[in-house]
Amino acid sequence: MMTQDMDRDWLTTARTLQKALPYMQRYSGAIVVVKFGGNAMGGVEEMADFARDIVLMRQVGVNPVVVHGGGPMINELLAKLGIESRFVNGKRVTDKATVEVVEMVLTGLVNKRIVQAIMDEGGRAVGLSGKDDDLMVCEADDPELGFVGRPIEMNVQVLRDLFKAGIIPVIAPVATGMDPNETFNVNGDTAAGAIAGALKADRLLLLTDVPGVKDKDGNVVTQLTPDQVRAMIADGTISGGMIPKVETALKAVDDGVRAAVIINGKLPNAALLELFTEHGAGSIIRSTEPRVPSDE
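Residues numbered from 1 in each chain as written. Predicted model: local features only at pLDDT ≥ 70, side-chain atom pairs only at ≥ 80, totals over all residues. Heavy atoms only, no water.

Structurally, the position occupied by E247 is in helix α8 (residues 242-254). Residue class for E247 comes out partly exposed when judged on its relative accessible area of 43%. (Helix = DSSP H or I, 4+ residues; strand = E, 2+ residues; numbered from the N terminus. Buried < 20%, exposed > 50% of the residue type's maximum accessible area, 1.4 Å probe, protein only.)

Given below as structure tokens:
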């Protein structure tokens, strides 16, 4: 006869699942766009943990969309090929040679690694880029940046079709242009925000390597309205690389996304903590403040 002690950790796990129930019910059927930044990817174990979180979301009825970056991998291959990387205001200058490398790394190496990780955890995933089915059509963002695109047309029906089939879309931020055979590199945050806006997603989660938006004392601010964010930009509290992230969040909210969240993607189970706990895990930006599901 087998016996089993009721270990305290098991009881804690059961209680945690019970507390998560209203949040799982709240997000059942919801669309959640997750930007998985290159700096947040880490190694094999971190990738597996992220994939497991995405599969769990789908298992409880959420429709996740993964939009990924891959800056460190792009830099590594460019260096190996002897192609110099130049940046203007934090954005990569992308000439013809560079955009070919970007497309190769993002749509090939990085995209398929994430797809495989999700499949390894029991999920179903399909890798896409902004070029597929004209998902994302761009024009040049700034002539000085070369083939860096700004989305001007979004065609997200293919993503809705994948939701219906129970498949998780994994999207590389490479897009087509208005001219034949034109390819654009798109900032990962920008691409994720545009996709979330076109889908009218419930959440845009920007997983990065910082814990969130900080106030003047260096404390992470957990909840912000768009007006508060704009005021913090104006007085210099939000500066540097955080500005484009919060601008992406603001535009997404303006485009109909219910809320955008900036999260430290290196925190274990960050996306699950944000969606399925009362506390959350980062800085949430939306027009109304409460996190509790029944209040939304």
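Empty space among the atoms becomes visible once a probe the size of a water molecule is rolled across them. The computed volume of the largest pocket comes to approximately 1200 Å³. Along the walls of the largest pocket sit 44 residues, with K35, N187, G188, D189 and T190 positioned nearest its centre. Of all elements in the fold, only α3 (71-81), β4 (91-92), β7 (149-154), α6 (188-199), β11 (203-208) and α8 reach the threshold of two or more residues within the lining of the largest pocket. Top element by residues in the lining of the largest pocket is α6. It accounts for seven residues. Considering only residue class, the lining of the largest pocket consists of 14 nonpolar, 19 polar and eleven charged. The space that makes up the second largest pocket amounts to roughly 300 Å³. Along the walls of the second largest pocket sit 13 residues, with T16, L17, A20, F276 and T277 positioned nearest its centre. Within the residue set of the lining of the second largest pocket, elements represented by two or more residues are α1 (8-27) and α9 (270-276). Residue classes in the lining of the second largest pocket are distributed as eight nonpolar, three polar and two charged. (1 Å grid on protein atoms, 1.4 Å probe; cavity = no way out; pocket = protein on both sides within 12 Å on 5 of 7 lines; lining within 4 Å. Points joined across faces, edges and corners; volume = space filled by probe spheres on them. Nonpolar A, V, L, I, M, F, W, Y, C, P; charged D, E, K, R; others polar.)

One open sheet holds the four strands; their spatial order is β7-β6-β9-β10, and the pairing between them is mixed. Taken across any chain shown, the strands that pair with only one partner, and hence form the sheet edges, are β7 and β10 (183-185). On average, adjacent strands in this sheet sit at an angle of 50° to one another, irrespective of strand direction. Note that strand β6 (residues 136-140) and β7 share five bridges and pair antiparallel. The residue bridging A140 from the neighbouring strand is G149, located in β7. Across the sheet, helix α4 (residues 96-120) is in contact with β9 (174-177) and β10; its angle to β10 comes to roughly 75°. Taken strand by strand, α6 contacts β6 and β7, and its axis lies near 15° from that of β7. (Pairing = 2+ DSSP bridges. Axes fitted to C-alpha atoms, helices over the stretch in contact; angles between N-to-C directions. Contact = heavy atoms within 4.5 Å.)

Another point: the pattern of salt bridges. Tallied over the full model, the rule gives 15 salt bridges. Notably, a salt bridge pairs R26 with D202, separated by 3.0 Å at the nearest N-O pair. With R26 in helix α1 and D202 in the loop between α6 and β11, this residue pair connects regions lying 176 residues apart in the sequence. Residues R150 and D141 are paired through a salt bridge, measuring 3.0 Å at the closest nitrogen-oxygen approach. Linked through salt bridges whose partners overlap, the residues forming this network are R26, D202, R203 and R258. (Salt bridge = Lys/Arg side-chain N within 4 Å of Asp/Glu carboxyl O.)

Evaluated as defined, the whole model comprises three aromatic pairs. Consider the rings of Y27 and F276, whose centres lie 6.3 Å apart with planes at 75°: the pair is edge-to-face. One end of the pair, Y27, is in helix α1; the other, F276, is in helix α9, with 249 residues separating them in the sequence. Accessibility expressed as a relative area gives 3% for Y27, which makes it buried. Here the aromatic rings of F147 and F184 are separated by 6.1 Å at their centres, their planes lie at 50°, and the arrangement is tilted. You can see F147 sitting in the loop between β6 and β7 and its partner F184 sitting in strand β10, a full 37 residues away along the chain. Here the guanidinium or amino end of R26 rests over the ring plane of Y27, the centre of that ring lying 4.6 Å away. (Phe/Tyr/Trp six-rings, centres within 6.5 Å; stacked < 30°, edge-to-face > 60°. Lys NZ or Arg CZ within 6 Å of the ring centre and 35° of its normal.)

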